[in-house]
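Descriptive analysis of the structure
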Amino acid sequence: MALPWGQATFCHGLGCAEQPDERPSFGRGIETAIAPWHSQGMPRYYFDVREGDRFIQDDLGLNLPDIDAAEREAAEGAASIGRDLLPTGNARSVTVEARNEHGQHVLTATVTLALDRVNPEPGPPV
Amino acid sequence: MAESSVALPPERTGALLSSQNPLLRKLEHIFPLTGEEQALLDSVCTRTLSFEADEHLVLDGDRPTNCNLVLQGMTCRNHVTAGGKRQIFSFHIPGDIVDAESFLLKKMDHTVSALTPCTVALIAHSKMTEITEHHPRIARAIWKDTLVDAAIFREWIMNVGRRNAYQRLAHLMCELYVKHHVVGLVDGWSISWPITQVDLADATGLSNVHVNRTLMELRAARLITLEKSRLDILNWQGLKEAGEFDPEYLHLKTDGEAMRLPALRQLLQ
């Protein structure tokens, strides 16, 4: 019996005498959210990150449908990075600067943490 | 898929087991079976089906009549909110039964999707019932495999809940490297990596921009390189420390036949 993982005995799709209805039914409306950015032909945006003194340039970018989507990515990015860095690090703000595929700066998203203590610390009421 | 269409996993590193069935290779390290038991499992894995990248193997709400065992390619378990936000619960490679729970739970509560072109073996539920009723050791082996899956989910909860971005990505990379190693799918320190940044974001609960920035940090620290759909680990100890990765939760046997590969034993220390 030729087992499927032998060298050249893989069995693909219908050639394997599988009934067509072995395949699960698609089109139940969930899958459109999966990998929406994976189509070519969309503009590419680059998201550079500034955290306090550090600057990290984005060399890869993301294909996004339009500038509204780029703004959402920048905002989520700033918030996500801020969540990690701001409470524990030295930086007080995180900025995401978005460039279009021509290298032009198109928008900025900034998340800032402000910490203020009452000084002097109030003692127990007399 | 744009940059990450990968056809097949890389060549296997040696044929240590008599069977090439990736499920058996994996079980060797979790719950070794006798030759007869292995042959029996082999015999129910002969019906195969192929999927394209981004196709769904099973959908949330389905009542499948087969379990899907990955023979080639990579899949992920996922679910999407009403607002279209996707969470990936796990990645699955050759040797993984992606929906063993459907055998007992009957109705899927999540979707299993192909990240690459995939080939799966279909194991009919009726066959599973037959085998597990007459061969309790095989039942326990599959049970243990499912329990290890649960342990992996718990680590992923740590990832999404408590680790910072750097730790999350490093941990995930370590885990996937070890999983690939167990089924003989590593090429030195390199593994196939069809996982896009968006997939990583959905798996770790980070934003896309944050994943991108964190990958650059990992590269800058010379822990990994990631290009042409391959992950190369440059510094295993460094990556383990960065991710606080302790492979204990994978419950791999470190003695006996399973550890004929000294490299794996060393990897797990």
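Before going into details, it helps to say that this report is about the structure given with it.

What counts, and where the lines are drawn
Residues numbered from 1 in each chain as written. Chains lettered and ligands numbered in written order. Predicted model: local features only at pLDDT ≥ 70, side-chain atom pairs only at ≥ 80, totals over all residues. Heavy atoms only, no water. Helix = DSSP H or I, 4+ residues; strand = E, 2+ residues; numbered from the N terminus. Buried < 20%, exposed > 50% of the residue type's maximum accessible area, 1.4 Å probe, protein only. Contact = heavy atoms within 4.5 Å. Areas by Shrake-Rupley, 256 points an atom, 1.4 Å probe, with all protein chains shown as cover. Core = buried A, V, L, I, M, F, W, Y, C linked by side-chain atoms within 4.5 Å. Salt bridge = Lys/Arg side-chain N within 4 Å of Asp/Glu carboxyl O. Polar contact = N/O pair within 3.5 Å; in protein donor to acceptor, adjacent residues only side chain to side chain. Phe/Tyr/Trp six-rings, centres within 6.5 Å; stacked < 30°, edge-to-face > 60°. Pairing = 2+ DSSP bridges. Axes fitted to C-alpha atoms, helices over the stretch in contact; angles between N-to-C directions.

1. Details of the overall build of chain B
Looking only at helices and strands, chain B features 10 helices and 10 strands. The buried share of chain B, taken over its 269 residues, is 61%. A separation of at least 24 residues holds for 72% of the contacts in chain B among residues at least 6 apart in sequence. Carbon together with sulfur atoms contributes 53% to the accessible area of chain B, which is approximately 10,600 Å² in total.

2. Some details on the nonpolar core
Counting 70 residues, the largest nonpolar core has B:Leu41, B:Phe91, B:Val178, B:Trp193, B:Leu218 and B:Leu239 as its most contacted members. Here this core gets 10 residues from one element, more than from any other, and that element is helix H6 (residues 165–182) of chain B. Apart from the residues lying within four places of it in its own chain, the contact partners of B:Leu218 are B:Tyr166, B:Leu169, B:Ala170, B:Met173, B:Leu223, B:Ile224 and B:Leu239. Judged by nonpolar contacts, the second largest core, of 18 residues, contains A:Ala74, A:Ala78, A:Val96 and B:Val198.

3. Looking at the pattern of salt bridges
The final tally for this structure, using the stated rule, is 16 salt bridges over all chains. The shortest N-O distance in the salt bridge between A:Asp48 and A:Arg99 comes to 2.7 Å. Taken together, the positions of A:Asp48 in strand S1 (residues 44–51) and A:Arg99 in strand S4 (residues 93–99) put the pair 51 residues apart, joining distant regions of the chain. The exposure class of A:Arg99 is buried, given its relative accessible area of 19%. Here B:Asp202 makes a salt bridge to B:Arg86, at a shortest N to O gap of 2.8 Å. One end of the pair, B:Asp202, is in helix H7 (residues 197–204); the other, B:Arg86, is in strand S5 (residues 86–92), and 116 residues separate them in sequence. Taking the relative accessible area as the measure of exposure, B:Asp202 reaches 16% and is therefore buried.

4. Here we look at helix H1 (residues 22–30) of chain B
Residues and elements named next belong to chain B. Most of H1 sits out of view: 9 of its 9 residues are buried. Looking only at H1, the buried set comprises Pro 22, Leu 23, Leu 24, Arg 25, Lys 26, Leu 27, Glu 28, His 29 and Ile 30. Backbone nitrogen of Leu 23 and a side-chain oxygen of the N-cap are separated by 2.9 Å at the start of H1; the cap is Asn 21.

5. Considering unusual backbone geometry
Across the chain, the bulk of peptide bonds are trans and the bulk of non-glycine residues have phi less than zero. A cis amide bond links A:Asn119 to the next residue, A:Pro120, at an omega of 0°. By secondary structure assignment, the location of A:Pro120 is in the segment after strand S5 (105–112). Unusually for a residue other than glycine, B:Ser229 sits at a positive phi of about 60°. If you trace the backbone, B:Ser229 turns up in the loop between strand S9 (224–227) and strand S10 (230–233).

6. Overview of the packing of aromatic side chains
Residue and element names in this part refer to chain B. The tally for this structure, following the rule as stated, stands at 6 aromatic pairs over all chains. Judged by centre distance (6.1 Å) and plane angle (70°), the rings of Trp 236 and Phe 245 are edge-to-face. You can call Trp 236 buried: its relative accessible area is 8%. Given a relative accessible area of 5%, Phe 245 falls into the buried group. Here the aromatic residues Tyr 177, Trp 189, Trp 236, Phe 245 and Tyr 249 are joined through ring pairs into a cluster of three or more.

7. Thoughts on the sheet that holds strand S8 (residues 190–192) of chain B
Residue and element names in this part refer to chain B. In spatial order, the strands read S8-S10-S9; together these 3 strands make up an open sheet with antiparallel pairing. Strand pairing shows two members of the sheet lacking a second neighbour, S8 and S9, which therefore form its edges. Taken pair by pair, the neighbouring strands of this sheet meet at an average axis angle of 15°, ignoring direction. Where S8 meets S10, 3 bridges bridge the pair, whose relative direction is antiparallel. Across the sheet, the residue bridging to Ile 191 is Leu 231, located in S10.

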